[in-house]
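# Reading the structure
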Amino acid sequence: AAPRRPLLELDRAVLKELLCGTPPSNQPQQQQLARMASDTPSSAAASASHALKLACLLAVPCAALSHYIGRPWRWFSLHPLLMTMAFIAAAGSGITVKRMGGRTNTLMHGYAMLSAFALALAGWYVIYQQKVMLGKPHNTSWHSLQGLLAIGGYALGAAAGLFALHPDFGQYRSSKGVRLAHKLASRAASLAALVAIGTGYFKLADAYSTPLLAAALVAFAVSCAFFEAPTKRPQPAPRLPETTPLQAIGSE
C-alpha cells in the first residue's frame, strides 16, 4: 500500500476548503457551474422566451410598415415584409440575446441569425421572381447591391458561427481574434441590410410619414445591433492567505 501523506502535507487547496468552506482559486469551478446553470431546461426556456418576445415586438412595426408600403397587397408586398422580418425582427432579437452570455443564449443567437438568413433568402426570391415576371434586369440599383451584400455577409457569418464558433464543437470558439472578426463582419453586414431597408422604403414612399417611420425603426435596430449597454463587472473573489492556520501551527 502507498504510504499515507502527513496531514500538513495535504494539498493546500484541500486545507483551505476545510478551513474556509470555499475552495481557493475556484474560478474554473465557478465557470463550470455557470455553464452548467446556463444549460438547464429552465434557462433554455427563458432564453427562447426572451428571443421570441423581442422578435414579436419588432415584427409588429415591420409588418405594419410592410403592409402600408406594399398596398394593395400583391406578390411584391412579400419582399419588404420578409426583409424587415429578417434583418430587424429576427436579427435584432438574435443580437440582443447573444449579449446575455452563456452557451444557451449563444445557441439561441445562432438559431435567430439562421432564421434571419432564411427569411432574407425568401425575400430575395420574391423580388427575383418579380423582376422575371416584369421582364426587368436584376441588380441595377444601390438598393439591390446593398441587399446582396447583406445576404452574402449573413451567409458567411452563419458558416463561421456554425463551424468555427459553435459553443460545443467550434474549432475557434476560444479565439478572441476570430470572435472579434465575426463580430465586426456581422456588424458590417447588418449595416448594409439596414441601409438597404431604408433606401427601399424611401424609394416606395408616397408620403413623408413612411420614410420617417422607417427611419425610426431602422434607428432602433441600429441601436440594438451596434450599441451595447454597460454591464456591471463582477468583483474578483478575495485572495486567501498563502499559509493556512494548520500550516502555521505545523511550522511552529
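To be clear, the structure that these remarks concern was listed above.
Here the structure is a predicted model, which is why all the values come from computation and not from measurement.

A few words on the overall build of the protein chain. Assigned secondary structure in the protein chain consists of nine helices and zero strands. Looking at the protein chain alone, contacts between residues at least 24 apart form 72% of all its contacts between residues at least 6 apart. Accessible surface for the protein chain amounts to roughly 15800 Å². Of this, 67% is attributable to carbon and sulfur atoms.

Now for the pattern of salt bridges. A full pass over the atoms with the stated rule returns one salt bridge. Among the salt bridges present, the one from Asp 168 reaches Arg 103, with a minimum N-O distance of 2.8 Å. Of the two residues, Asp 168 is situated in the loop between helix 6 (142–163) and helix 7 (176–204) and Arg 103 in helix 5 (residues 103–134); the sequence distance between them amounts to 65 residues.

What follows concerns the environment of Ala 189. Relative to the helices and strands, Ala 189 is located in helix 7. For Ala 189, a relative accessible area of 4% puts it in the buried group. The residues touching Ala 189, leaving out its near neighbours within four places in the chain, are Ala 150, Gly 153 and Tyr 154.

The next subject is unusual backbone geometry. Notably, Asn 139 is not glycine yet its phi reads approximately 55°, a positive angle. Mapped onto the fold, Asn 139 is located in the loop between helix 5 and helix 6. What makes Asn 139 partly exposed here is its relative accessible area of 38%.

Further remarks concern the packing of aromatic side chains. Tallied over the full model, the rule gives two aromatic pairs. Seen in terms of ring centroids, Phe 87 and Tyr 154 are 5.1 Å apart; in terms of plane orientation they differ by 80°. Their pairing is edge-to-face. Taken together, the residues Phe 87 in helix 4 (residues 78–98) and Tyr 154 in helix 6 connect sequence positions 67 residues apart. Under the relative-accessibility criterion, Tyr 154 is labelled buried at 7%.

It is worth spelling out helix 7 at this point. In this model helix 7 runs 42 Å from its N-terminal to its C-terminal C-alpha over 29 residues, within 8% of the 42 Å that 1.5 Å per residue would give. Burial in helix 7 covers these residues: Ala 189, Ser 190, Ala 192, Ala 193, Leu 194, Ala 196, Ile 197, Gly 200 and Tyr 201.

Orientation of helix 4 relative to helix 5, taken along the N-to-C sense of each, is 170°, at an axis distance of 8 Å. Judged on the interaxial angle alone, helix 5 and helix 4 are roughly antiparallel. Judged by the sense of rotation from one axis to the other, the crossing of helix 4 with helix 5 is left-handed. Class assignment for the residues of the contact of helix 4 with helix 5 results in 20 nonpolar, seven polar and one charged.

The next thing to look at is the packing of helix 6 against helix 7. Between helix 6 and helix 7, the least distance of the axes is 8 Å, while the angle of their chain directions is 150°. By the angle between their axes, helix 6 is roughly antiparallel relative to helix 7. Between helix 6 and helix 7 lies a crossing whose hand is left-handed. Residues His 143, Gln 146, Gly 147, Leu 149, Ala 150, Gly 153, Tyr 154, Gly 157, Ala 160 and Gly 161 of helix 6 pack against His 182, Ala 189, Ser 190, Ala 192, Ala 193, Val 195, Ala 196, Thr 199, Gly 200 and Lys 203 of helix 7. A breakdown of the residues in the contact of helix 6 with helix 7 according to their chemical character gives nine nonpolar, 10 polar and one charged.

Further remarks concern the environment of Ala 150. On the secondary structure map, Ala 150 appears in helix 6. Excluding residues within four positions of it along the chain, Ala 150 makes contact with Phe 87, Ala 189, Ala 192 and Ala 193.

All right, on to the nonpolar core then. Burial of nonpolar side chains together is a common tendency in soluble globular proteins. Membership of the largest hydrophobic core comes to 28 residues, with the highest contact counts inside it found for Met 85, Phe 87, Ile 88, Ala 120 and Tyr 154. By residue number, the principal contributor to this core is helix 4, which donates 10 residues. Residues in contact with Ala 120, not counting those within four places in the same chain, are Met 83, Ala 86, Phe 87 and Ile 151.

Our focus in this paragraph is the environment of Trp 142. Among the secondary structure elements, Trp 142 is positioned in helix 6. With a relative accessible area of 69%, Trp 142 lands in the exposed category. In this structure the C-alpha to C-alpha distance between Trp 142 and Val 195, which are 53 residues apart in sequence, comes to 9.8 Å.

Quick notes on the rules
- In every chain, residue numbers begin from 1 and rise along the written sequence.
- Residue-level local features of this predicted model are given only where pLDDT is at least 70; pairs of side-chain atoms are given and counted only at 80 or more, and the full residue set underlies all totals for whole chains, interfaces and linings.
- Side-chain descriptors were evaluated using all non-hydrogen atoms of the structure, hydrogens and water having been removed beforehand.
- Comment: elements are numbered from the N terminus, with helices defined as DSSP H or I runs of at least four residues and strands as E runs of at least two.
- Note on contacts: a residue pair qualifies if any of its non-hydrogen atoms lie within 4.5 Å across the two residues.
- Values of accessible area rely on a 1.4 Å probe in the Shrake-Rupley scheme; residue burial ignores everything except the protein chains shown.
- Salt bridges are defined by distance alone: a side-chain nitrogen of Lys or Arg within 4 Å of a carboxyl oxygen of Asp or Glu.
- Note on classification: 1.4 Å probe, protein chains only; a residue is buried when its accessible area is under 20% of the maximum for its type, exposed when over 50%, partly exposed between these limits.
- Stacked, tilted and edge-to-face are the three classes assigned to paired rings of Phe, Tyr and Trp, where Trp is represented by its six-membered ring and a pair needs centres within 6.5 Å; plane angles under 30 degrees give stacked, over 60 edge-to-face, the rest tilted.
- Multiply 1.5 Å by the residue count of a helix minus one, and that product is the helix's expected span.
- Note on geometry: axes are lines fitted to C-alpha atoms, helical ones only across the stretch in contact, with angles between N-to-C directions running from 0 to 180 degrees.
- Orientation is classified from the angle alone, with under 35 degrees giving roughly parallel, over 145 giving roughly antiparallel, 65 to 115 giving roughly perpendicular, and any other angle giving oblique.
- Left-handed describes a crossing in which the near helix is turned anticlockwise from the far one by less than a right angle; the clockwise case is right-handed.
- Each residue gets one label: Ala, Val, Leu, Ile, Met, Phe, Trp, Tyr, Cys and Pro are nonpolar, Asp, Glu, Lys and Arg are charged, and the others, such as Gly, are polar.
- Each nonpolar core is a collection of buried residues, namely Ala, Val, Leu, Ile, Met, Phe, Trp, Tyr and Cys, held together in the definition by side-chain atoms within 4.5 Å.

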